[in-house]
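Listed here are the chains, written in short residue letters.
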Amino acid sequence: MTETATVRRSRLTPEREAELYAAVLDLLREVGYDALTMDAVAARTRSSKATLYRQWGGKAELVAKALRANKPGPDLATVDTGSLRGDLHAMIRSQDDCAIEQNSALMRGLAMVIHGNPDLLKAFRELIIEPELLELRRVLQRAVDRGEVREGNPAVDYVLHMFVGAFVARGMIDELPPTQAFLTSYIDAVVLPALGVPTD
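Regarding the overall build of the protein chain
In terms of regular secondary structure, the protein chain is built from ten helices and zero strands. Helices and strands appear in the protein chain in the N-to-C order α-α-α-α-α-α-α-α-α-α. Here the C-alpha coordinates of the protein chain stretch approximately 60 × 45 × 30 Å along the principal axes. Burial statistics for the protein chain: of 200 residues in total, 36% are counted as buried. Residue pairs at least 24 apart in sequence account for 67% of intrachain contacts in the protein chain once pairs closer than 6 positions are excluded. Just so you have it, the protein chain exposes about 11,400 Å², and 55% of that area is on carbon and sulfur atoms. Positive and negative side-chain charges in the protein chain, numbering 24 and 28 respectively, have mean positions lying 6 Å apart.

Topic: the packing of aromatic side chains
Counted under the stated rule, the structure contains two aromatic pairs. Residue placement shows lysine 59 over the ring face of tyrosine 33; its charged tip is 4.2 Å from the ring centre.

Some remarks on the packing of helix α6 (residues 84–93) against helix α10 (residues 180–194)
Relative to each other, α6 and α10 sit at 155°, their axes nearing to 9 Å. By the angle class used here, α6 and α10 are roughly antiparallel. The way α6 lies across α10 gives a crossing that is right-handed. Of the residues in α10, those in contact with Leu84, Arg85, Leu88, His89, Ile92 and Arg93 of α6 are Gln180, Leu183, Thr184, Ile187, Asp188, Val191 and Leu192. Per-class residue counts for the contact of α6 with α10 are seven nonpolar, three polar and three charged.

What about unusual backbone geometry?
The backbone phi angle of arginine 46 is positive, close to 55°, even though this residue is not glycine. Here arginine 46 shows up in the loop between α3 (38–45) and α4 (49–56). Positive phi is not limited to glycine here, since glutamate 175 has a value of about 55°. Judged by its relative accessible area of 68%, glutamate 175 falls in the exposed class.

Focus: the environment of glycine 147
Here glycine 147 shows up in the loop between α8 (118–145) and α9 (159–174). Judged by its relative accessible area of 60%, glycine 147 falls in the exposed class. For glycine 147 and valine 197, which are 50 residues apart along the polypeptide, the C-alpha to C-alpha distance reads 9.8 Å.

A short note on the confidence of the model for the protein chain
Scored by pLDDT, the protein chain has a mean of 86; 92% of the residues are at 70 or more. Put simply, helix α1 (residues 2–10) is where the protein chain has its lowest mean pLDDT, 38, and α10 is where it has its highest, 96. Within the model, the stretch residues 1–9 combines pLDDT values under 50 with zero contacts to residues more than four positions away or in other chains.

Definitions and cut-offs
Residues numbered from 1 in each chain as written. Predicted model: local features only at pLDDT ≥ 70, side-chain atom pairs only at ≥ 80, totals over all residues. Heavy atoms only, no water. Helix = DSSP H or I, 4+ residues; strand = E, 2+ residues; numbered from the N terminus. Buried < 20%, exposed > 50% of the residue type's maximum accessible area, 1.4 Å probe, protein only. Contact = heavy atoms within 4.5 Å. Areas by Shrake-Rupley, 256 points an atom, 1.4 Å probe, with all protein chains shown as cover. Lys, Arg positive; Asp, Glu negative; His and termini not counted. Charge placed at Lys NZ, Arg CZ, Asp CG, Glu CD. Phe/Tyr/Trp six-rings, centres within 6.5 Å; stacked < 30°, edge-to-face > 60°. Lys NZ or Arg CZ within 6 Å of the ring centre and 35° of its normal. Axes fitted to C-alpha atoms, helices over the stretch in contact; angles between N-to-C directions. Parallel < 35°, antiparallel > 145°, perpendicular 65-115°, else oblique. Left-handed = near helix turned anticlockwise from the far one by under 90°. Nonpolar A, V, L, I, M, F, W, Y, C, P; charged D, E, K, R; others polar. pLDDT = per-residue confidence, 0-100.

Put into structure tokens, the structure is as follows:
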């Protein structure tokens, strides 16, 4: 009885978890990944370090889960507008320009440190990249099933790469943040034509 009660007490409420994740992302924006410490998270969130380690294991998992929880809008796989173009446009509309810019800046900062940090790379792959790929594959499979995309189109395997490229290139080439308008036009000009989907 006592053990069960203890386990129940140690679980975080969804509200508390969201509060912790928001604090982690605030710290990440303020100091970057390398300077972010579990001590700082504990102080910012009035938590004990032991609680943080018990719930998340370490900094890499905590940061990756905070990023995943911060994903705005519904999961792409649950959006079904009846067309691939509609689904991808809905994904872009789920964030305003401010959120897109903030998320893009966070990802750029993490990209600088991710390959030198095996724990962060592992957590990022498991908690961000693989779930995103799975969602995207479901959306693309629906488009194949509807006859919009040809079965076996080689571009299907590179859609996530195209999106990452859009975010990176926007800042590097245009010296501008990605916006809804830019990403929507990128989908119509690059992603859909590569998949053989008409945009008219």
